[in-house]
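Results of the structural survey
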Amino acid sequence: MAKTKPGKKDLDSYSIKSTNKVVRVGDTVLMRPSDSDKPPYVARIDKIEADHRNNVKVRVRWYYRPEESIGGRRQFHGAKELFLSDHYDVQSAHTIEGTCTVHTFKNYTKLENVGADDYFCRFEYKASTGGFTPDRVAVYCKCEMPYNPDDLMVQCEECKDWFHPSCMNMTIEQAKKLDNFVCADCSPDNDPKRANSYHDSTGPKVRD
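Keep in mind it's a predicted model, so treat the numbers as computed, not measured.

**Remarks on the overall build of the protein**
Counting its regular elements, the protein contains two helices and 15 strands. Per-residue burial for the protein yields a buried fraction of 40% across its 208 residues. Pairs at least 24 apart in sequence give 51% of the contacts found in the protein among residues at least 6 apart. In the form shown here, the protein has an accessible surface area of approximately 12,300 Å², with 45% of it arising from carbon and sulfur atoms.

Structural data, given as structure tokens:
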């Protein structure tokens, strides 16, 4: 941790103006953007300090939204997906609007209800180069795309791979009525086999 400069003191917490919420180092917060038309920025608090006039500043590590990254938003990026960047900054604590939760990808997929302040992160992002860690993740379906938790997928009973209904020439409504499913590669006549109700296991699931 960086040493506090003379005339400044480290704080354990900060009370958000006009609310009863208290934020501490390590918390994830929503910060007011300069452009009111944009959604709030998301950041993790790294340090809280006050100067001799009691002006409070926070050192933050920014989360980037996919559209803010060099490569932009891609099909597999979830609506609530964020990237933990290596971009640090110092901001006035007055710009903190509230708190939020950035879940691990695994924990996010297990949420029964996704709230307005729920996000998830599965990549770290190097802002200067546009590089990601990890640089590869598991892919699914014949389109070979990483899993987007906003999209419904159906699981083949044979190979256990997951498939997008659209890639299997099905509508979402048809997929929701399936009880079991065998993909074209596993079917003897190379045609997907379907039955009565759909699968929604601990893997891919529907989210609104």
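**What about the pattern of salt bridges?**
Pairs may arise between side chains of opposite charge once their charged atoms sit close together. The tally for this structure, following the rule as stated, stands at seven salt bridges. Linking Glu 49 and Lys 8 is a salt bridge whose minimum nitrogen-to-oxygen distance equals 3.5 Å. Residue Glu 49 is located in strand β5 (residues 41–50), and its partner Lys 8 is located in the segment before β1 (9–10); the two are separated by 41 residues in the primary sequence. When the shortest N-O distance is used, the salt bridge between Arg 61 and Glu 124 registers 3.5 Å. Placement of the pair is Arg 61 in strand β6 (residues 56–64) and Glu 124 in strand β10 (residues 118–126), with a sequence separation of 63 residues.

**Details of the pairing of β5**
Counted residue by residue, β5 has seven buried out of 10 residues, so it is predominantly covered. Judged from the two bridges that link them, β1 and β5 form a sheet pairing that is antiparallel. If you follow Lys 9 over to β5, its bridge partner there is Ala 50. Pairing between strand β4 (residues 28–31) and β5: four bridges, direction antiparallel. Within the sheet, the bridge partner assigned to Thr 28 lies in β5 and is Arg 44. Summarising the sheet, β5 and β6 pair through eight bridges and their orientation is antiparallel. In the strand pairing of β6, Ala 50 is matched with Val 56. Two successive antiparallel strands, β5 and β6, enclose a turn made up of five residues, where Asn 54 displays a positive phi of approximately 65 degrees.

**Considerations on the pairing of β4**
Every other side chain in a regular strand lies on the same face of the sheet, so the side chains alternate between the two faces. Residues Thr 28 and Leu 30 of β4 are buried on one face, and the alternating residues Val 29 and Met 31, pointing to the opposite face, are buried as well. Sheet analysis places β4 next to strand β8 (residues 96–99), joined by three bridges and oriented antiparallel. Bridging across to β8, Val 29 finds its partner in Thr 99.

So, how was this worked out
Along every chain, residues carry numbers that run from 1 in the direction the sequence is written. Predicted model: local features are reported for residues with pLDDT of at least 70 only, side-chain atom pairs are reported and counted for 80 or more only, and whole-chain, interface and lining totals are derived from all residues. Hydrogens and waters are ignored; side-chain quantities use all the structure's heavy atoms. Only DSSP runs of H or I with at least four residues qualify as helices, and only runs of E with at least two residues qualify as strands; both kinds are numbered from the N terminus onward. Relative accessibility thresholds used throughout: buried, under 20% of the residue-type maximum; exposed, over 50%; partly exposed, between the two (1.4 Å probe, protein chains only). Contacts are assigned to residue pairs with any non-hydrogen atoms lying within 4.5 Å of each other. Only the protein chains shown count as cover for residues, with accessible areas throughout obtained via the Shrake-Rupley method and a probe of 1.4 Å. One side-chain nitrogen of Lys or Arg within 4 Å of one carboxyl oxygen of Asp or Glu is enough to make a salt bridge. Strand pairing requires that DSSP identify at least two bridges connecting the strands.

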